[in-house]
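Breakdown of the fold
Here is how the chains run, residue by residue.
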Amino acid sequence: MNKINKIKGFFDLFPPESTAYVFMEETAREVFSRYAYTEVRIPILEHTELFARSIGKETDVVQKEMYTFEDRKGRSLTLRPEATAGVIRAYIESPEAGSGGVNRFFTTGPMFRYERPQKGRTRQFHQLNVELLGEHSAFADGEILLMLWSYLQKLGLKELNMQLNSLGCTSCRPDFDAKLKNFLAMSEQENLCVDCQRRARSNPMRVLDCKVKGCAAVASSAPRILDSLCRNCRDHFDTVLAVLDMTDIRYELNPYLVRGLDYYQRTTFEVISTDIGAQSAVAGGGRYDGLIRDLGGPDIPGIGFACGMERLALLLRSIQERPLDFYLAVLHEEAMDTAMFMAQRLRDKGFEGEMGFQIKSLKSQLRLANRKKVKTCLLLGRDELEKGQIQVKDMSTGVQRAVSQDDVEQALGLNLKTKAESFVQH
Ligand SMILES: [Zn+2]
Ligand SMILES: [Zn+2]
């Protein structure tokens, strides 16, 4: 039979890579819950309209990168290219939406974008997403940035740098857009890509975000949004910077950081890592004060970020798997049921281990235990069965001794104490 291959740009995760994802998620739950964030689970499939309205019709994401198709009834559906729109949609449909309170959510899972696959970029990718809904205060921006930084530190990442910008608000942004339109109209149009020639008139901010070389060159001398902020936006941004100045977060201002989605306002940010060699954004986000209203919800502000798990996984490449506590080898058929119950007893007490179901020679059992990198090999043969004992072999020292079957937990417990930290980043 022909084998069936995976789809281009999609991939499977086995240990140790999958272990890195578990580590990222568990660390996220630990860190985010300290800031009172609760986990939400939402569908990966949404009405296409949700993304067109939130991300923006002029963005590369909506124009070129979405997995969009019709279902059997002819409705246009899209595999989510990002999580914020879905979280907001879910929030608006929930009883929380009318409560007038502040909500803190995080979620994790796969996203889909039809991009050219390359290192750290796949068509199915995974994100950790955080959304803080209902809070205007610049200190909320500060809390979000501190939490993101703490999370990345907790993962063990070192070479990090935060890039910050403010994109203004509905009162100062139109002036800047007009300024930018003027500038783009005066510059050499033929240097811009076809998309940007159109965007220069319809959505000029998108030109600053274009990856095409000619457009980037034009963008580099464009007016800076930070020079056009209104008083309120300036005060807001200054407060955010003042919070960061009280911490050891390394940040710099980047007036051309606009992010690839239309809904951002005021504070926007990316965290760059130089650990992977080339500079690479491992997380990014910003404030989206008009989005919840635009999607049919209450007129409340929001801010959030996403961490790219594939990029982070590259940084966690040397993760070590935690070894199993025991491998239980059975040397005689008659010992099988005793072994089975002993393994169960150990698992009930919290030990992690594997039992072999094939009767093999001592030598091949030990070779197997060695290959599985367990701490301890337990051996149960006919002799041990008759004496009510079991052989306990410490695989690191090679020391083997017979203990009473009642004392196995104690024998394994001594070994447990030396359990090292599981995740090391080099
Ligand atoms: Zn403003
Ligand atoms: Zn362009």
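This structure is a prediction, so every number in the text was calculated from the model and none was measured.

**Structural notes on unusual backbone geometry**
Here the residue pair Pro 15 and Pro 16 is connected by a cis peptide bond, since its omega of 5° sits within 30 degrees of zero. Secondary-structure assignment places Pro 16 in the segment before α1 (17-34). The phi torsion at Ala 36 lies on the positive side, around 70°, for a residue other than glycine. With respect to the secondary-structure elements, Ala 36 resides in the loop between α1 and β1 (38-39). With a phi angle near 50°, Arg 266 is a residue other than glycine that sits in the positive phi range. Residue position: Arg 266 is located in strand β9 (residues 265-273). For Arg 266, a count of 26 C-beta atoms within 10 Å gives the class buried.

**Notes on α1**
With 18 residues, α1 should reach 26 Å at 1.5 Å per residue; the first-to-last C-alpha distance of 27 Å fits that figure. Regarding α1, the residues found buried are Ala 20, Met 24, Ala 28 and Phe 32. Here the buried residues of α1 occupy an arc of 85° about the axis, which is enough to place them on one side. More than 90 degrees from the buried face of α1, the exposed residues found are Val 22, Glu 26, Glu 30 and Arg 34. The secondary structure elements touched by the buried residues of α1 are β5 (103-112), β6 (124-133), α5 (138-154) and α11 (309-315). In the segment just after α1, Ala 36 is the residue with positive phi, at about 70°.

**Focus: the domain arrangement of the protein**
Taken domain by domain, the protein holds domain 1 (17-172 + 229-315) and domain 2 (326-416). The gap between the C-alpha centroids of domain 1 and domain 2 is 48 Å.

**Points about the confidence of the model for the protein**
Confidence in the prediction for the protein averages 91 pLDDT; 95% of positions are at 70 or higher. With pLDDT under 50 throughout, residues 418-426 is counted as low confidence; its partners more than four residues away or in other chains account for 11 contacts.

**A word on the environment of Phe 105**
Along the polypeptide, Phe 105 turns up in strand β5. Overall, the presence of 22 C-beta atoms within 10 Å leaves Phe 105 in the buried class. Sequence-wise, Phe 105 and Cys 193 are 88 residues apart; in three dimensions their C-alpha atoms are separated by 38 Å. Discounting chain neighbours no more than four positions away, the residues touching Phe 105 are Tyr 37, Thr 38, Val 40, Val 87 and Glu 131.

**Structural notes on the sheet that holds β6**
Sheets are built from strands paired through backbone hydrogen bonds, the pairs being either parallel or antiparallel. Spatially, the eight strands line up as an open sheet ordered β1-β5-β6-β11-β10-β9-β7-β8, and their pairing is mixed. If you trace the sheet from one side to the other, it starts and ends with β1 and β8 (251-253), each paired once. Where helix α4 (residues 84-93) meets the sheet, its contacts fall on β5, β6 and β11 (302-308), and the angle it forms with β6 comes to roughly 45°. Against the sheet, helix α9 (residues 231-245) touches β7 (160-166), β8 and β9, its axis set at about 30° to β9.

**Topic: the pairing of strand β16 (residues 400-404)**
With zero of its five residues buried, β16 lies for the most part at the surface. Inspection of the sheet shows strand β15 (residues 389-394) paired to β16 by five bridges, in the antiparallel sense. Note on β16: the bridge partner recorded for Lys 393 is Gln 400. Between β15 and β16, which pair antiparallel one after the other, the connecting turn spans five residues, and Gly 398 there sits at a positive phi close to 80°.

**Quick notes on the packing of α5 against α9**
Here α5 crosses α9 at 40°, and the two axes come no closer than 8 Å. What the angle tells us is that α5 and α9 run oblique. The crossing of α5 and α9 is right-handed. For the pair α5 and α9, the contacting residues are Ala 138, Phe 139, Asp 141, Gly 142 and Leu 145 in the first and His 236, Thr 239, Val 240, Val 243 and Leu 244 in the second. Here the residues of the contact of α5 with α9 are counted per class, giving six nonpolar, three polar and one charged.

**Focus: the environment of Ser 76**
When you line up the elements, Ser 76 lands in strand β4 (residues 76-79). Placed 27 residues apart in sequence, Ser 76 and Glu 49 show a C-alpha to C-alpha distance of 8.1 Å. Not counting the four nearest positions on each side in its chain, Ser 76 is found in contact with Thr 48, Thr 68 and Glu 70.

**A short note on the nonpolar core**
If you look at soluble globular proteins, the nonpolar side chains tend to sit buried side by side. Residues Ile 144, Leu 148, Leu 152, Val 207, Ala 283 and Leu 312 are the most contacted members of the largest nonpolar core, which totals 79 residues. The residues touching Leu 148, leaving out its near neighbours within four places in the chain, are Val 271, Ala 283 and Phe 305. Core analysis: the next-biggest nonpolar cluster, separate from the first, contains 23 residues, Ala 329, Ala 335, Ala 343 and Ala 369 among them.

Each value, and the rule that gives it
Residues numbered from 1 in each chain as written. Chains lettered and ligands numbered in written order. Predicted model: local features only at pLDDT ≥ 70, side-chain atom pairs only at ≥ 80, totals over all residues. Helix = DSSP H or I, 4+ residues; strand = E, 2+ residues; numbered from the N terminus. Buried ≥ 20, exposed ≤ 12 C-beta atoms within 10 Å, placed from the backbone. Expected span 1.5 Å × (residues − 1). Arc of directions from axis to C-beta. Contact = placed C-beta atoms within 7 Å. Domains from an automatic or database assignment. pLDDT = per-residue confidence, 0-100. Pairing = 2+ DSSP bridges. Axes fitted to C-alpha atoms, helices over the stretch in contact; angles between N-to-C directions. Parallel < 35°, antiparallel > 145°, perpendicular 65-115°, else oblique. Left-handed = near helix turned anticlockwise from the far one by under 90°. Nonpolar A, V, L, I, M, F, W, Y, C, P; charged D, E, K, R; others polar. Core = buried A, V, L, I, M, F, W, Y, C linked by C-beta atoms within 7 Å.

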